[in-house]
Amino acid sequence: MPSVQPAAPKLQVSLAGAPARRPHDGPILEARDLTKRYTLGNRRVEAVNGVSLSVHRGEFVAIMGPSGSGKSTLLLLLGGLDRPTAGEVILDGEAVSRLNDRETTILRREKTGFVFQFFNLIPLLDVYENVALPFTIAGVDPRRGEAAASIQDVLGRVDLVGRERNRPDQLSAGEQQRVALARALVTRPAILLADEPTGNLDYATGGEILDELWRSCDELGQTIVLVSHDARAAAYADRVLVLGDGRICDEIKLGRNADHDARPLIARLAQLGL
Amino acid sequence: MRRLSSLAWRSLRARPLRSFLTVAGVAVGVAVLFASLSAGAAMDAAVERAAADEMGRAALRVEALEERGLGPETRDIVAATPGVAVAAPALERRTYLAAGLEVAPSDALPAPVTVLGIDPIAEPRLHDMPLSSGRLLLVADTRSALVTSALADAEGLRLGDTLTLNGAAAPGPQDFTIVGILSGEGYLPRAGGRLVIVPLAEAQALFDTGGVTRLDLGLRAGVATSDVIAELEASIDTEPYLLAVAADTTASLRRGTADLQATLLLVAAVVLFAGAFLIFNTLSMTVAERTREVGLLRAAGTTRPQVMMLMLLQALALGAAGSLAGIAVGAGAAALTLGWVGSTGSVAFGGPDLSPAPILLTLAIGILVTLAASLEPAWRASRITPIDALRPGPATSAAGVARLRWLVLVFGVVAMAAFAVWPRGAGGSTGPGTGAAVGSGLWGPLVVYGLLLAAVLIVPRLLGPLLRVAAMPFGMFRSQVRLARSSLARDTSRTALTAGALVIGLAMVVALGTAAQNVRRIGQGWLAETIPGSELLISIRPVAIDGEIRDEIAAMPGVKSVSPIGLFGVPWEGVRQEAAAVVGSDFAADGRLVFVEGNPASAFAALDAGGAVIVPESLRSEAEIHLGDILTFGTGPEPTKLRVVGIVAHSIPGDSQEAILVGWADASEAFGAIGADFFAIRYQPGLESSARPAVHAAARSYALEPADLDRIRGTVGDALDRLFHLLDAMALLAVVVAGLGMVNTLSMSVLERVREIGVLRATGMSSRQVWGMVVIEAGLLGLASALVGALVGVGVGSLLVAWSSSGLFGAFEPPWLSIVLAVLFGVLISIAAAIYPAGLASRQSMVQALQHE
């Protein structure tokens, strides 16, 4: 299946005075021989062991594996939230491991969006302010100009128009996760990383979130990397990387399908003994 | 929210109780600081005013060292010195208005007046003498007088009235006509407003003397003061004298206030430090509470400096709000402080200084201390990683442990601020009093402060055993005690921080109690050790010792001995040394003075024979004097040499130091002492109560005021009590601030244990037991802190006592009452602080608690 190109120019969020980064040709995300080791008590654990992968612009890639396979750790490494013990991550042409903390932070601000299992909204802020957080951090006034337009657009996409003034404790679990999704999408990041985004939701609500993720990829060309232990969630992806003991054991190509049928994936996983 | 900084204000608003308590704590610390600074500035201003009044426009003052005053030869030399334009002589003596002495023998003598004999031409050239009515003195005036408005109002005097002044025995009472009334209290502060000014010749006749007390000098234009000083020192060799410039007068007056200011600042620093604890603790709790949020902000692209800025903004808001509130409250506290203290010596205080300088200084220090206290929590917040946003379960561990070591930074900031505002001249006095509470210069308070900091840093290591000991009184609540102890041990750093503020507050209270008790005891013991009798007959001017007064009283039934004691100054090593003339045989008979070296009997005999001196231990240590040494006193063309025949633990206290003891022969012949300032009376055993009325009546007929030694001790004790009560009240505020911090800590602890409390309730613990658990937690913390605070306080207090009176360390007495009260207060404050959090815990819904994430 060919990769999907973005339908519209991206809104680049930069620090005042810093030049906006140009989109990179080639894979939007690359991992080369990525390794992460840490010590747990007196045990050495190798959470990720020599993983290499690439994700192209507009792709929807899922990473699956049993508990303890290292998939969440891999996602954190890919997003620059953690530093690898060895290996390299190239995000939109930037070698993340060579950047210092400040440069990594700014790269993260400009290039990535995150959706976590536990929503992670700021309780003191309302829906609009939570979604606007990337702009606020960058010093851009979220109530004016392009920023305001982007926020309204993304709130419309996640069906939260009219709820801007509500605080997180006034929202249901599904609504909170939609806020988190809107926040991740508002700056049209180079890549959106989702770690078990439906893990804390019921079946129907989880489906809504996954549908929205897929639409953003299919209609807007958003590149997505999703981690999940749930085959139903992984079935939304174009391809699935199966992780075991910190390594990629298999790659399952599913293609871009609107029906998101999980049965072929489940069957293949069964063959792998998962 | 347009800016990320708005998150800082939201965070403060989201926890209104915590923010309020923190602001209140900072406000208390800043209020005490501002009260100290403002009151101190007012004291300085009062000293400057008094010094300016004292010296007027005179550039120099030549003052007599001997009681008989500067003789005519010295006055001529001074007046003829090149560069001197005006030499204004003055004779100053205290006496009674004759009318006031017409009282019943049993009544106390009236307040004395100060008579100042002046040159009517020269004096107004150097001193302003504003009149409210009448005229100034003229050269032709004889029996004319000026009085102050204050005296006129007090005695009902008007222009043209006759004023009768008591003089020396020979001339007797003399009448003066009031020709002018000076406005206010006059330009001699130590007169206290009761000032009478007469021509110099009339004053000399009244007091039967040819000398003058001082010569104020005005210099010719362009002449340097230092040149005139050199000329005077080269030309005056007739008699010893004191030479003072305006700054010397200021320094002399400031000695009485500087130590008090320093003590106030030391206590203020402790209270401010407690406030800093509160900031440190509050922000540490905020960091722990918001770990996941901060991790999320970092994941979303917030840099470390941005996170740090958010925390520092919160601290700045709390600090600024607290400082402004504290300044407002501190203004009132400054007025109360000045009103409570009233005056020291001859300097009366006015209202507090509310000029921009102390306000801005206090604001700057308050904000600086706040920022210093918040640096470590802010830095810790900036180290939170994005991964911390993703950890399940409690996020507090990711925020790291508050490092108490950083309190050293706060200590340093407060110490530097104290150094910047430290009063000039503090730490110079010896002997009991406010100087006792401070020690030498700035080092003493720094050592005290450092000890308090060290105690706080040690607390975490002792927490376990301390809590075990503190748990003993609560033994009957075994399960709640166990849970309370485990809660306190959950975050030892936070527990130690909370306890630390309480420790330093209580330590300060106990230290002040220790100092107060021992200083009072030393002061009172001093009199018993050095005065040969049970009563003093005090005169406001020297009384001849060979006159009829002593003989008449000594002959009265029931009187065993009447011993004259005179206080005066002697020139030694270029400075004025206080001396006392005593009758050695009276001391020998009465068994007074504790000899450190030398034989008492032979020492007293040598005093009476002449050529001998007894020195106090304090002077011996300072000047390295030994038994048998010959001390040389610069008494005019021929110096006086006296042999050291004894060294005593304590001697008769003078104005600013202990006096050396000489015999009356040396005192009058070599040092110009003209009489006794008081007589020490010893009654026959069993006859004191019957003999007293007659002795008192006789004394008052000679204008001598009886003063029982117990009453003097009581007066000294009362004055010290008054001061130490003020200091105690300020130190207790540190404990209150610590209590505010405890409310914060316990509330946070309850919120962290919501699920645990739900489980306890589900298992069968009643809400009353939950309430009790939190209260016991506070009680344990309070008792543990109080025990450490009491121990540290006794140590600090003993240092204060050791500094104030060398050689008495062996006689140190722990202040048991202060210790017990401090411990009780510490526990009560802690339990009071627990009431709100305990209520929170006990009122939680079990269902909601169990569902809490």
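Okay, so let's go over this structure.

Considerations on the overall build of chain B
Part 1 of the reasoning: Per the secondary structure count, chain B includes 26 helices and 22 strands.
Part 2 of the reasoning: In terms of principal-axis extent, the alpha carbons of chain B reach across some 100 × 65 × 50 Å.
Part 3 of the reasoning: For chain B, buried positions account for 57% of its 853 residues.
Part 4 of the reasoning: Considering only intrachain contacts with a sequence separation of at least 6, the fraction spanning at least 24 residues in chain B is 83%.
Part 5 of the reasoning: Accessible surface, chain B as shown: approximately 32700 Å² in total, 60% of it carbon and sulfur.

Here we look at the environment of Asp195 of chain A
Residues and elements named next belong to chain A.
Part 1 of the reasoning: Relative to the helices and strands, Asp195 is located in strand β7 (residues 191-195).
Part 2 of the reasoning: Here the alpha-carbon distance between Asp195 and Val115, two residues 80 residues apart in the chain, equals 6.3 Å.
Part 3 of the reasoning: Once residues within four sequence positions are removed from consideration, Asp195 is found in contact with Ser72, Leu75, Val115, Phe116, Gln117 and Val227.
Part 4 of the reasoning: At a separation of 3.2 Å, a polar atom in the side chain of Asp195 contacts the side chain of Ser72.

Thoughts on the pattern of salt bridges
Part 1 of the reasoning: Taken as a whole and assessed by the stated rule, the structure comprises 48 salt bridges over all chains.
Part 2 of the reasoning: A salt bridge links Glu212 of chain A to Arg157 of chain A; the shortest N-O distance between them is 3.7 Å. Of this pair, Glu212 of chain A sits in helix α7 (residues 203-220) while Arg157 of chain A sits in helix α5 (residues 145-157), and the two are 55 residues apart along the sequence.
Part 3 of the reasoning: Judged by relative accessible area, which is 23%, Arg157 of chain A ranks as partly exposed.
Part 4 of the reasoning: Residue Arg135 of chain B is joined to Asp141 of chain B by a salt bridge in which the shortest nitrogen-to-oxygen separation is 2.8 Å.
Part 5 of the reasoning: Its relative accessible area of 32% is what places Arg135 of chain B among the partly exposed residues.
Part 6 of the reasoning: We classify Asp141 of chain B as buried; its relative accessible area is 12%.
Part 7 of the reasoning: Put simply, Glu54, Arg61, Glu92, Glu123, Arg190, Arg214 and Asp216 of chain B are held in one network by salt bridges that share partners.

A short note on helix α2 (residues 101-111) of chain A
All names here are of chain A.
Part 1 of the reasoning: Among the 11 residues of α2, eight are classified as buried, and the element is accordingly described as predominantly covered.
Part 2 of the reasoning: Regarding α2, the residues found buried are Thr104, Thr105, Ile106, Leu107, Arg108, Arg109, Glu110 and Lys111.
Part 3 of the reasoning: Of the residues flanking the start of α2, the one acting as N-cap is Asn100, its side-chain oxygen 3.2 Å from the backbone nitrogen of Arg102.

Observations concerning the sheet that holds strand β2 (residues 43-55) of chain A
Two strands in a sheet stick together by hydrogen bonds in their backbones, pointing the same way (parallel) or opposite ways (antiparallel).
Residue and element names in this part refer to chain A.
Part 1 of the reasoning: Spatially, four strands are ordered β2-β1-β4-β5 in an open sheet, and the strand pairing comes out antiparallel. Each edge of the open sheet is held by one strand with a lone partner, namely β2 and β5 (94-95).
Part 2 of the reasoning: In terms of strand pairing, strand β1 (residues 29-40) meets strand β4 (residues 86-91) through five bridges, oriented antiparallel. Its bridge partner being in β4, Leu29 is matched across the sheet by Leu91.

Looking at a nonpolar patch on the surface
Part 1 of the reasoning: Together, Leu817, Val820, Leu821 and Leu824 of chain B make up an exposed nonpolar region whose accessible area comes to about 400 Å².
Part 2 of the reasoning: With respect to the helices, strands and loops of the structure, Leu817 of chain B is situated in helix α25 (residues 816-843).

What to know about the packing of aromatic side chains
Part 1 of the reasoning: One pass over the full model with this rule turns up eight aromatic pairs over all chains.
Part 2 of the reasoning: Taking 5.7 Å as the distance between ring centres and 15 degrees as the angle between the ring planes, the aromatic pair formed by Phe114 of chain A and Phe116 of chain A counts as stacked.
Part 3 of the reasoning: Taking the relative accessible area as the measure of exposure, Phe116 of chain A reaches 5% and is therefore buried.
Part 4 of the reasoning: Here Phe273 of chain B and Phe277 of chain B contribute two aromatic rings whose centre-to-centre distance is 5.3 Å and whose plane-to-plane angle is 80 degrees, an arrangement assigned as edge-to-face.

Some points on the side chain of Thr205 of chain A
Part 1 of the reasoning: Along the chain, the position of Thr205 of chain A falls in helix α7.
Part 2 of the reasoning: A polar contact is formed between the side chain of Thr205 of chain A and the side chain of Asp202 of chain A, at a distance of 2.7 Å.

Observations concerning the sheet that holds strand β6 (residues 112-115) of chain A
All names here are of chain A.
Part 1 of the reasoning: One open sheet accounts for six strands, arranged β6-β7-β8-β3-β9-β10; its pairing is mixed. A strand with exactly one partner marks an edge of an open sheet, and here the two such strands are β6 and β10 (247-253). Across the sheet, the mean angle separating the axes of adjacent strands is 20 degrees when strand polarity is ignored.
Part 2 of the reasoning: Bridging between strand β3 (residues 60-64) and strand β9 (residues 239-244) involves four bridges; their strand directions are parallel. If you follow Ala62 over to β9, its bridge partner there is Val240.
Part 3 of the reasoning: Those strands touched by α2 are β6 and β7, and its axis lies near 80 degrees from that of β6.

Topic: the packing of helix α2 (residues 16-55) of chain B against helix α10 (residues 304-341) of chain B
Residue and element names in this part refer to chain B.
Part 1 of the reasoning: One can describe the packing of α2 onto α10 by two numbers: an axis separation of 5 Å at closest approach and a directional angle of 40 degrees. The orientation of α2 relative to α10 falls into the category oblique. Handedness of the crossing formed by α2 with α10: right-handed.
Part 2 of the reasoning: Along the lines of polarity and charge, the residues of the contact of α2 with α10 split into 19 nonpolar, nine polar and no charged.

What to know about a positive patch on the surface
Residue and element names in this part refer to chain B.
Part 1 of the reasoning: Among the surface-exposed residues, Arg468, Arg478, Arg482 and Arg485 lie close enough to one another that they form a single positively charged patch.
Part 2 of the reasoning: At three residues, helix α14 (residues 478-490) tops the list of elements feeding residues into the positive patch.
Part 3 of the reasoning: When you line up the elements, Arg468 lands in helix α13 (residues 443-471).

Topic: unusual backbone geometry
Residues and elements named next belong to chain A.
Part 1 of the reasoning: Phi is positive for Asp92, which is not a glycine, with a value near 50 degrees.
Part 2 of the reasoning: Of note, Glu196 is a non-glycine position whose phi angle comes to about 50 degrees, a positive value.
Part 3 of the reasoning: With respect to the helices and strands, Glu196 occurs in the loop between β7 and α7.

A few points about the pairing of strand β5 (residues 144-148) of chain B
Here is the key point about a regular strand: its side chains alternate between the two faces of the sheet.
All names here are of chain B.
Part 1 of the reasoning: In terms of burial, β5 is a largely internal element, five of the five residues being buried.
Part 2 of the reasoning: Where burial is concerned, the two faces of β5 agree: the one with Ser144, Leu146 and Thr148 and the one with Ala145 and Val147 are both buried.
Part 3 of the reasoning: With five bridges connecting them, β5 and strand β7 (residues 174-182) associate as parallel partners. Across the sheet, Ala145 pairs through a bridge with Ile178, a residue of β7.
Part 4 of the reasoning: Sheet analysis places β5 next to strand β8 (residues 195-199), joined by two bridges and oriented antiparallel. Bridging from a neighbouring strand, Leu146 pairs with Ile197 of β8.

What about the interface of chain B and chain A?
Interfaces are often described in size by the accessible area the parts lose on coming together.
Part 1 of the reasoning: Taken residue by residue, the interface counts 25 residues in chain B and 27 residues in chain A.
Part 2 of the reasoning: Here chain B meets chain A over a buried area of about 2400 Å², counting both sides, of which 64% is carbon and sulfur.
Part 3 of the reasoning: The interface formed by chain B and chain A holds three salt bridges in total.
Part 4 of the reasoning: A salt bridge links Arg304 of chain B to Asp101 of chain A, with the shortest nitrogen-to-oxygen separation between them at 3.7 Å.
Part 5 of the reasoning: Our enumeration of links across chain B and chain A arrives at nine residue pairs in polar contact (both at pLDDT 80 or more).

Rules of the game
Residues numbered from 1 in each chain as written. Chains lettered and ligands numbered in written order. Predicted model: local features only at pLDDT ≥ 70, side-chain atom pairs only at ≥ 80, totals over all residues. Heavy atoms only, no water. Helix = DSSP H or I, 4+ residues; strand = E, 2+ residues; numbered from the N terminus. Buried < 20%, exposed > 50% of the residue type's maximum accessible area, 1.4 Å probe, protein only. Contact = heavy atoms within 4.5 Å. Areas by Shrake-Rupley, 256 points an atom, 1.4 Å probe, with all protein chains shown as cover. Polar contact = N/O pair within 3.5 Å; in protein donor to acceptor, adjacent residues only side chain to side chain. Salt bridge = Lys/Arg side-chain N within 4 Å of Asp/Glu carboxyl O. Pairing = 2+ DSSP bridges. Patch = residues over 30% accessible without salt bridge, like charges linked within 9 Å, V, L, I, M, F, W, Y side chains within 5 Å. Phe/Tyr/Trp six-rings, centres within 6.5 Å; stacked < 30°, edge-to-face > 60°. Axes fitted to C-alpha atoms, helices over the stretch in contact; angles between N-to-C directions. Parallel < 35°, antiparallel > 145°, perpendicular 65-115°, else oblique. Left-handed = near helix turned anticlockwise from the far one by under 90°. Nonpolar A, V, L, I, M, F, W, Y, C, P; charged D, E, K, R; others polar. Lys, Arg positive; Asp, Glu negative; His and termini not counted. Charge placed at Lys NZ, Arg CZ, Asp CG, Glu CD. Buried area = accessible area lost by both parts, 1.4 Å probe.

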